[in-house]
Amino acid sequence: MLKYSQKFSSFYLKFYFFIDFYVRKTYTKCIKAYTRCTLWKETLMRIQEVVKRTNLQKRTIYYYIKEKLVIPSTTLENGYHDFSEEDVSRLIIIRKLRDAGLPLADIRSILSNPRTAPYYLHKQLHSLQTQLLTIEETIKNLDTFSTSLTVCHSLDQLSKELAHVEFKPDTHKYNAQYTSRDARLIARYLWQSFIEVPMTEYRQFLWQKIMQTTLEHIDTDLKVMTQYLQALSPEQLDTANVNQYLRNQKIIALTPEDYPDYVEELKKSLLLFATDETQKKKWQLVYRPLILPTTLFAYTTSPLFLEFHPDYKKYYDNIHACCMMLKDYLDSKEGEKFKQLLTSVFQESYDFEESGYGELEIAATFHYSVYNAMSIKEIEAFLANNL
């Protein structure tokens, strides 16, 4: 009986310690969870605090919520919005960009893809400077006219006086003042995947050389490409920029073992391109004014970017190797018919003998590229106004 009592006591003691340990552990977890929850709640703000932090009116904040530019959490019990620090940061960005005059469509694109911010800032600067120069010129012309028109006796007299006066200036004469800014635009578009790197003194030197090279071409072979980028909508640019970035990242990540599969992808894409009448027509329209000069320029600046960013060497080596594999295939007996098909498609818009075959990779991804952003009619209208 004593032995049984000792066993029972030992079991009871162990059970007691187990329960005590479990309760203490559970209690600790609950305290930690409560602390995290409390801290989380403390980081959230109601709209009155957000108004103070952002200098925005309540109705403006509600409008941005309605437009889904910011999406705060909502308390289920009362429907109140709870704003995080990230929400406040987004609202401050929106306010400052709106203060700079950017339309909400451009701001929406920047919020969804911050890499495009330099382009939209360039676009707004271009618009503001054009307005400023136009207003200054209009004031000058109006002042001259009002000085000469000391007395106005009738509408006939006013009509005669106005016959040789134009208050709306010709904005084309302002183009020279945009050259430096346009150079930044085209450089950012071409090299967007490779400019996000710590700017050392040597990289700053290389970037200045890249910009100088761009400036030397901006009023000649790159002029139409710059105008084309400016003619696109924010949505078109955003989509094209994202697609180009993803394409470049895919090429950077390639290894020699991946080359054959990537070349097969290029073949399939080229076959789809060669059988799509819309894509072929667009290519023939934009090849000489846009694709060829931009590709040649990118090739001439490649040596500078090989030193500027380590990932560019990976990109350059990988795309060159894959294009050479594609060239070998097209020059072989096996690829003879495919080359004949591509030759008939490109007609005079591509030279297989002179080209380094890099433009075939552009054709293979043409449907994702910036060159495919406009419809055929839009491209024709753009070229008619800019060539």
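Below, the structure is looked at part by part.

Rules of the game
Residues numbered from 1 in each chain as written. Predicted model: local features only at pLDDT ≥ 70, side-chain atom pairs only at ≥ 80, totals over all residues. Heavy atoms only, no water. Helix = DSSP H or I, 4+ residues; strand = E, 2+ residues; numbered from the N terminus. Buried < 20%, exposed > 50% of the residue type's maximum accessible area, 1.4 Å probe, protein only. Contact = heavy atoms within 4.5 Å. Areas by Shrake-Rupley, 256 points an atom, 1.4 Å probe, with all protein chains shown as cover. Axes fitted to C-alpha atoms, helices over the stretch in contact; angles between N-to-C directions. Left-handed = near helix turned anticlockwise from the far one by under 90°. Nonpolar A, V, L, I, M, F, W, Y, C, P; charged D, E, K, R; others polar. Salt bridge = Lys/Arg side-chain N within 4 Å of Asp/Glu carboxyl O. Expected span 1.5 Å × (residues − 1). Arc of directions from axis to C-beta. Parallel < 35°, antiparallel > 145°, perpendicular 65-115°, else oblique. Phe/Tyr/Trp six-rings, centres within 6.5 Å; stacked < 30°, edge-to-face > 60°. Core = buried A, V, L, I, M, F, W, Y, C linked by side-chain atoms within 4.5 Å. Polar contact = N/O pair within 3.5 Å; in protein donor to acceptor, adjacent residues only side chain to side chain. Disulfide = S-S within 2.5 Å.

**Here we look at the overall build of the protein**
Thinking step 1. The number of helices and strands found in the protein is 17 helices and two strands.
Thinking step 2. Counting across all 387 residues of the protein, residues that qualify as buried make up 38%.
Thinking step 3. Relative to all contacts within the protein whose residues are 6 or more apart in sequence, the contacts with residues 24 or more apart total 74%.
Thinking step 4. For the protein, the accessible area works out to roughly 23,800 Å², and carbon and sulfur atoms hold 58% of it.

**A word on the packing of helix α12 (residues 259–274) against helix α14 (residues 310–331)**
Thinking step 1. Contact geometry of α12 with α14 gives a least axis separation of 10 Å together with a crossing angle of 65 degrees. Relative to α14, α12 is oriented so that their crossing is right-handed. On the side of α12, the interface is formed by Tyr 259, Pro 260, Tyr 262, Val 263, Leu 266, Lys 267 and Leu 270, while α14 contributes Asp 317, Asn 318, Ile 319, Ala 321, Cys 322, Met 325, Leu 326 and Tyr 329.
Thinking step 2. Its residues assigned to classes, the contact of α12 with α14 shows 12 nonpolar, one polar and two charged.

**A short note on the pattern of salt bridges**
Thinking step 1. Under the criterion given, the structure shown has 13 salt bridges.
Thinking step 2. Ionic pairing is found between Arg 46 and Asp 82, a salt bridge with its closest N-O pair at 2.7 Å. One end of the pair, Arg 46, is in the loop between α1 (2–43) and α2 (47–54); the other, Asp 82, is in strand β2 (residues 81–82), and 36 residues separate them in sequence.
Thinking step 3. Given the relative accessible area of 34%, Arg 46 is considered partly exposed.

**Focus on unusual backbone geometry**
Thinking step 1. With phi around 60 degrees, Asn 55 is a residue other than glycine that occupies positive phi space.
Thinking step 2. Within the secondary structure layout, Asn 55 lies in the loop between α2 and α3 (58–66).
Thinking step 3. On the basis of relative accessible area, Asn 55 is assigned to the exposed category, the value being 61%.
Thinking step 4. Even without glycine at this site, Lys 68 takes up a positive phi of about 60 degrees.
Thinking step 5. Looking at the element boundaries, Lys 68 is found in the loop between α3 and β1 (73–74).

**Brief notes about α12**
Thinking step 1. Between its first and last C-alpha, α12 extends 22 Å over 16 residues, near the 22 Å set by a 1.5 Å rise per residue.
Thinking step 2. If you check which residues of α12 are buried, you get Tyr 259, Tyr 262, Val 263, Leu 266, Lys 267, Leu 270, Phe 273 and Ala 274. Down the axis of α12, the buried set is contained in an arc of 150 degrees. They therefore lie on one face. Exposed side chains of α12 directed beyond 90 degrees from the buried face belong to Asp 261, Lys 268 and Leu 272.

**A look at the packing of α14 against helix α15 (residues 336–346)**
Thinking step 1. Two numbers describe how α14 lies on α15: the axes approach to 6 Å, and their chain directions differ by 105 degrees. Relative to α15, the element α14 lies roughly perpendicular. Side by side, α14 and α15 meet where Tyr 329, Leu 330 and Asp 331 of the first sit next to Glu 336, Phe 338, Lys 339 and Leu 342 of the second.
Thinking step 2. Partitioning the contact of α14 with α15 into residue classes produces four nonpolar, no polar and three charged.

**A short note on the packing of aromatic side chains**
Pairs of aromatic rings are described using the distance from one ring centre to the other and the angle between the two planes.
Thinking step 1. Under the defined criterion, the tally for this structure stands at 20 aromatic pairs.
Thinking step 2. Where Tyr 228 meets Phe 382, the ring centres are 5.5 Å apart and the plane angle is 75 degrees; that geometry is what we call edge-to-face. You can see Tyr 228 sitting in helix α10 (residues 223–231) and its partner Phe 382 sitting in helix α17 (residues 376–386), a full 154 residues away along the chain.
Thinking step 3. In this structure an aromatic cluster arises from ring pairing among Trp 191, Phe 194, Trp 207, Phe 305, Phe 308, Tyr 312, Tyr 315 and Tyr 316.

**Quick notes on the environment of Thr 295**
Thinking step 1. Residue placement: Thr 295 occurs in helix α13 (residues 277–308).
Thinking step 2. Using a relative accessible area of 22% as the deciding quantity, one classes Thr 295 as partly exposed.

**A closer look at the nonpolar core**
Thinking step 1. Among the nonpolar cores identified, the biggest contains 88 residues, and Trp 191, Met 225, Leu 229, Trp 283, Val 370 and Tyr 371 are the most heavily contacted of them.
Thinking step 2. Sort the elements by how many residues they give to this core and α13 lands first, with 11 residues.
Thinking step 3. If sequence neighbours within four positions are ignored, Trp 191 has contacts with Ile 210, Ala 298, Thr 301, Phe 305 and Tyr 312.

**Section: the side chain of Thr 365**
Thinking step 1. With respect to the helices and strands, the residue Thr 365 is situated in the loop between α16 (358–364) and α17.
Thinking step 2. What makes Thr 365 buried here is its relative accessible area of 18%.
Thinking step 3. A polar side-chain atom of Thr 365 sits 3.0 Å from the main-chain carbonyl oxygen of Glu 361.

**Looking at α2**
Thinking step 1. Of the residues making up α2, those classed as buried are Ile 47, Val 50 and Thr 54. In a view along the axis of α2, the buried residues occupy a sector of 55 degrees, so they form one face of it.
Thinking step 2. Its buried side turned inward, α2 meets α3 and α4 (85–99).
Thinking step 3. Once α2 ends, the next one or two residues include Asn 55, with phi positive near 60 degrees.

**Description of the state of the cysteines**
Thinking step 1. Within the structure shown, the criterion is met by zero disulfides.
Thinking step 2. Cys 322 takes part in no disulfide bond, and the closest cysteine sulfur, belonging to Cys 323, lies 7.0 Å away.

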